[in-house]
Amino acid sequence: AALAADVLERVVDAAREEAAAREEAARDGAVARRYRDAGAAAVDHPARIPPALRRFAGQALDRLLADGPARDRALGEVLSEPKPGTWFDAGPARRATRGIALDRRTRMLYDDRFVFVNGEAVRASGPDAMLLRRLADERRLDAKSIARAGAAARALLADWLRAGWCVQLATRFDSEEST
């Protein structure tokens with residue numbers, strides 16, 4: 001139940017962000033989807049929730065829960081979220097030139113679409129996705145692998161170094177000979 005609640009919370013948060021973006025687009029002329037009861041007849045029991053509103057809310061909830069990719073993304077974010085009270089020491093503001101390893105507190109997972117690191121999702125595909133998945137599985141990458149990575153993956157690894165989620169290996173022995 002706790003895992004389901006955490007996943008549902010992430011799905012709801014993403015839906016709220018999407019709704020806010022739609023609201024902003026509606027201000028620019030797009031049509032926002034909202035429940036409207038304009039034109040409804042007066043009722044004898046004004047505090048009673050109208051059946052049409054219950055149906056509308058139920059359909060909205062069904063659509064939200066039927067979004068498999070959103071549920072999968074939320075699950076990965078929840079499972080990779082560090083434990084409460086976990087902190088990371090900021091790393092140097094430079095790119096990874098030697099091998100790197102995940103900080104022992106870093107949680108990194110992946111699925112077919114995303115790589116999840118410490119509660120964040122990064123869409124990944126192609127060779128860079130394979131590299132990031134290898135980092136998740138092996139918890140380290142050698143310098144040669146990093147050098148072959150695409151610019152976006154190298155920038156992402158540099159961000160993770162700065163955030164303290166990865167550490168740069170200190171010696172050639174650490175990064176090259178032990179892999």
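Residues numbered from 1 in each chain as written. Predicted model: local features only at pLDDT ≥ 70, side-chain atom pairs only at ≥ 80, totals over all residues. Heavy atoms only, no water.

### A word on helix α4 (residues 126–138)
This is how it is decided: Segments assigned H or I by DSSP are reported as helices when at least four residues long, segments assigned E as strands when at least two residues long, and all are numbered from the N terminus. One less than the number of residues in a helix, times 1.5 Å, gives the span that helix is expected to have. Burial classes follow relative accessibility: with a 1.4 Å probe on protein chains only, a residue under 20% of its type's maximum area counts as buried, one over 50% as exposed, and anything between as partly exposed. Here the arc refers to the set of directions running from the helix axis out to each C-beta atom. What makes two residues a contact is simply this: any of their non-hydrogen atoms within 4.5 Å.
The end-to-end C-alpha separation of α4 is 18 Å, in line with the 18 Å expected for 13 residues at 1.5 Å each. What α4 keeps buried is the set Ala-129, Leu-131, Leu-132, Leu-135 and Ala-136. Down the axis of α4, the buried set is contained in an arc of 160°. They therefore lie on one face. Exposed side of α4, more than 90 degrees from the buried face: Pro-127, Met-130 and Asp-137 are the residues found there. On the buried face of α4, the contacting elements are β1 (100–102), β2 (108–110), β3 (114–117), β5 (140–141), α5 (143–148) and α6 (151–163). One or two positions beyond α4, positive phi appears at Arg-139, with a value near 65°.

### A word on the nonpolar core
One broad trend across soluble globular proteins is that nonpolar side chains are buried collectively. Keep this limit in mind: Residues belong to a common nonpolar core when they are buried Ala, Val, Leu, Ile, Met, Phe, Trp, Tyr or Cys residues joined through side-chain atoms within 4.5 Å.
The biggest cluster of nonpolar side chains holds 22 residues, and the ones touching the most others in it are Ile-100, Met-108, Leu-135, Leu-157 and Trp-160. Not counting residues within four places of it along the chain, the set of residues in contact with Trp-160 comprises Met-108, Val-115, Val-117, Val-122, Leu-132, Leu-135, Trp-165 and Cys-166.

### Here we look at a nonpolar patch on the surface
To keep things clear, this is the line we draw: Residues qualify for a patch when their relative accessible area is over 30% and they have no salt bridge, like charges being joined within 9 Å and the nonpolar side chains of Val, Leu, Ile, Met, Phe, Trp and Tyr within 5 Å. For the area figures, the Shrake-Rupley method with a 1.4 Å probe applies, and any residue is considered shielded solely by the protein chains shown. The rule for a salt bridge is simple: a side-chain nitrogen of Lys or Arg has to be within 4 Å of a carboxyl oxygen of Asp or Glu.
The grouping of Leu-3, Leu-75, Leu-79 and Leu-109 at the surface amounts to a nonpolar patch, some 300 Å² of accessible area in total. Considering the arrangement of structural elements, one finds Leu-109 in strand β2. Residue Leu-109 is classed as partly exposed on the basis of its relative accessible area of 33%.

### Some words on unusual backbone geometry
You will see that Asn-118, though not glycine, has its phi angle at about 50°, which is positive. In this fold, Asn-118 is placed in the loop between β3 and β4 (120–123). A positive phi is found at Arg-139, a non-glycine position, where the angle reads about 65°. Positionally, Arg-139 belongs in the loop between α4 and β5. On the accessibility criterion, Arg-139 (29% relative accessible area) is partly exposed.

Structural measurements only, silent on function.
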